[in-house]
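Overview (structure and organization)
This is what each chain is made of:
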Amino acid sequence: MANPGTWSMVLRLCALILFLEAKVFVLGGDDSNVQGGNSIDGSGGVSELCVNDLASFMPPPYGNSSDIVCKPIWNTFVLRYTQTDDHVMNIILSAVYTTGWVGMGFSRDGLMVGSSAIVGWVNRKGQARIKQYYLQGSKSSQVIPDKGELPLTGIPATLVLHGPRIYLAFQLKFQTQLARQPLILAVGSGYPKHNNHLPVHTDKTTIKFDFSAGSASEAHIDFKQMKKNHGILAIFGWGLILPLGAIVPRYFKHKDPLWYYLHSIIQFVGFVIGLAAVVLGQQLYAKIDANFHTHRGIGIFVLVLSILQILAFFLRPSKDAKIRKYWNWYHHWFGRLAVFFAAVNIVLGIKIGAPGIEWKISYGFFLSIILLAVIVLETLARMRRTETKDTMPPNFQMNPVP
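What counts and what doesn't
- Residues numbered from 1 in each chain as written.
- Predicted model: local features only at pLDDT ≥ 70, side-chain atom pairs only at ≥ 80, totals over all residues.
- Heavy atoms only, no water.
- Patch = residues over 30% accessible without salt bridge, like charges linked within 9 Å, V, L, I, M, F, W, Y side chains within 5 Å.
- Areas by Shrake-Rupley, 256 points an atom, 1.4 Å probe, with all protein chains shown as cover.
- Salt bridge = Lys/Arg side-chain N within 4 Å of Asp/Glu carboxyl O.
- Helix = DSSP H or I, 4+ residues; strand = E, 2+ residues; numbered from the N terminus.
- Core = buried A, V, L, I, M, F, W, Y, C linked by side-chain atoms within 4.5 Å.
- Buried < 20%, exposed > 50% of the residue type's maximum accessible area, 1.4 Å probe, protein only.
- Contact = heavy atoms within 4.5 Å.
- Phe/Tyr/Trp six-rings, centres within 6.5 Å; stacked < 30°, edge-to-face > 60°.
- Lys NZ or Arg CZ within 6 Å of the ring centre and 35° of its normal.
- Polar contact = N/O pair within 3.5 Å; in protein donor to acceptor, adjacent residues only side chain to side chain.
- Pairing = 2+ DSSP bridges.
- Axes fitted to C-alpha atoms, helices over the stretch in contact; angles between N-to-C directions.
- pLDDT = per-residue confidence, 0-100.

1. Examining a nonpolar patch on the surface
- A cluster of nonpolar side chains, Ile 307, Leu 311, Phe 313, Phe 314 and Leu 315, forms an exposed patch at the surface whose accessible area comes to about 530 Å².
- Checked against the element boundaries, Phe 313 lands in helix H4 (residues 293-314).

Here it is in structure tokens:
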């Protein structure tokens, strides 16, 4: 058995362990009670950024801190606002600021295009600037200063640089109480250029903010299905149907006039589906503010070639016309170019969209089937021409030489 000295040492060690555990518990505490968290829904408590005394540096009515709601919403962005019974809102957006511009847009559907935004910056001369912008399109030239649909009141908007943060304050008056609202938050590292045109943003996000509850959530604007539809239409229209239609006149001309009607119908169906892919791609391009110029340019080039092929159908000269030979060259080579660049663009689109290995396998399977069909049909056509040549009778001579 252990002696009394050993038991005394064990008891002392147990007491020391319990003491250390208690200290760790007190120092660590519960994360839900720690102030300064900036989770998007504010569940981590009131941020220390929200305890600033606005009256010390913000002009009225923005300096009035009574009944103000303050929520961290994204990165260093903090939103403060008040909303009265007659639907007047004072909104103060703040963020850590070094250079460039800071903005917040109000959107109907969570998309950048069609929204109106308040943007502020301090120029190189140290002058504060705050303006409303209308985001008419995805290009920088389509972001129009001093335009927009925000219901601003007669109270001037204000921009204040206080410490490391910039504060954008403005007042709006809505017809009804503002509740859930998609907000676009963006920052840019460059200064607005001449005529106050904004440089492209360096980072942005979209959230849905509930002004009635003072909570924010990520705006899940899912374009996956739209991208998927664009890819499916492009693969079937440009990548499958048009090549099949091009095969018909090369290998089935002996089935006259069936080959002509099949070729025309198949190519027209492929063109319609391909056109739908281009239209959907253009909509997607604008909505996600895409920057894939090569993919877009090749798609437009293929569309132009296809339109020229449709026009060739209506301008097809008769077989005995002198220009028929040149029309054939034009029709054949423009068609081959369209099919080739369509395949290139489909591969490029799959690479850009990164939809998964199954898309690569599927398109590779379709492409392999088409190439295999071409090889088989080309072999059969050559064999048929060889057999025809071998079975032709020799030339008949009226006066054979003895």
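There is more to say after this.
2. Observations concerning the nonpolar core
- Within the largest apolar cluster, 39 residues are counted, with the highest numbers of intra-cluster contacts made by Leu 79, Ile 91, Met 104 and Phe 106.
- With five residues, strand E5 (residues 116-122) is the single largest residue contributor to this core.
- Excluding residues that lie within four positions of it along the chain, Leu 79 makes contacts with Val 69, Cys 70, Lys 71, Ile 73, Ile 91, Ile 92, Met 104, Leu 183, Phe 209 and Phe 211.
- One finds Trp 238, Ala 277, Ala 342 and Tyr 363 within the second-largest nonpolar core, a separate group that totals 14 residues.

3. Concerning the packing of aromatic side chains
- Counting across every chain of the model gives 15 aromatic pairs.
- In textbook terms, an aromatic cluster arises when at least three aromatic residues are bridged by ring pairs, as seen for Trp 259, Tyr 260, Tyr 261, Phe 313 and Phe 314.
- Over the aromatic face of Trp 259 sits the side chain of Lys 253, whose NZ or CZ is 5.2 Å from the ring centroid.
- Its guanidinium or amino end placed over the ring of Trp 333, Arg 336 lies 4.7 Å from that ring's centre, counting from NZ or CZ.

4. Brief notes about the pattern of salt bridges
- Tallied over the full model, the rule gives four salt bridges.
- Residues Glu 378 and Arg 382 are paired through a salt bridge, measuring 3.5 Å at the closest nitrogen-oxygen approach. Of this pair, Glu 378 and Arg 382 both sit in helix H6 (residues 357-391), separated by four residues, roughly a single helical turn.
- Here the residues in one salt-bridge network are Arg 250, Glu 378 and Arg 382, joined through shared partners.

5. Considering the side chain of Gln 132
- By the secondary structure assignment, Gln 132 is in strand E6 (residues 128-135).
- Here the side chain of Gln 132 touches Leu 150 through a polar contact of 3.0 Å, landing on its backbone nitrogen.
- In this structure Gln 132 touches Ser 116, Ala 117, Ile 118, Ile 144, Pro 145, Asp 146, Lys 147, Gly 148, Glu 149, Leu 150 and Leu 152, once residues within four positions along its chain are discounted.

6. Let's talk about the pairing of strand E3 (residues 88-96)
- When you tally the buried positions in E3, you get eight out of nine residues, the bulk of the element.
- Across six bridges, strand E2 (residues 77-83) lies against E3 in antiparallel orientation. Residue pairing in the sheet places Leu 79 in a bridge with Leu 93 of E3.
- Taken together, E2 and the strand that follows it, E3, pair antiparallel across an intervening segment of four residues, in which His 87 is found at a positive phi of about 70°.
- Relative to strand E9 (residues 165-173), E3 is paired through nine bridges, and the arrangement is antiparallel. Following the sheet pairing, Ile 92 is matched in E9 by Ala 169.

7. A closer look at the sheet that holds E2
- Spatially, E1-E2-E3-E9-E8 is the arrangement adopted by the five strands of the open sheet, whose pairing is antiparallel. Of all the strands in the sheet, the pair left with one neighbour each is strand E1 (69-74) and strand E8 (158-162). For this sheet, the mean angle separating the axes of adjacent strands, direction not counted, is 20°.

8. A look at the confidence of the model for the chain
- When pLDDT is averaged across the chain, the result is 80; 80% of the residues are at 70 or more.
- Note on residues 13-46: pLDDT under 50 across the span, and 24 contacts to partners over four residues away in sequence or across chains.

9. Considerations on the pairing of E2
- Counting buried positions along E2 yields six of seven residues, so the element is predominantly enclosed.
- Judged from the five bridges that link them, E1 and E2 form a sheet pairing that is antiparallel. By the bridge assignment, Lys 71 is partnered in E2 with Leu 79.
- Hairpin connection of E1 to E2: two residues between the antiparallel strands, including Asn 75 at a positive phi of 50°.

10. Structural notes on the environment of Leu 233
- For Leu 233, the location among the structural elements is in helix H2 (residues 224-251).
- Residues Leu 233 and Leu 275 lie 42 residues apart in sequence; the distance between their C-alpha atoms is 8.8 Å.
- Ignoring any residue separated from it by four or fewer positions in sequence, one finds Leu 233 in contact with Trp 238, Ile 273, Ala 276, Ala 277 and Leu 280.

11. A few points about unusual backbone geometry
- Cis geometry marks the peptide bond from Pro 60 to Pro 61, where omega comes out at 0°.
- Locating Pro 61 in the fold gives a position in the loop between helix H1 (4-28) and E1.
- Following Asp 256, the chain continues into Pro 257 via a peptide bond in cis, with omega recorded as 5°.
- Examined against the element boundaries, Pro 257 turns out to sit in the loop between H2 and helix H3 (258-287).
- Even without being a glycine, Asn 75 presents a positive backbone phi close to 50°.
- Position of Asn 75 relative to the elements: it lies in the loop between E1 and E2.
- Phi is positive for Asp 146, which is not a glycine, with a value near 60°.
- Topologically, Asp 146 is positioned in the loop between strand E7 (143-145) and E8.
- When its relative accessible area of 52% is taken as the criterion, Asp 146 is described as exposed.

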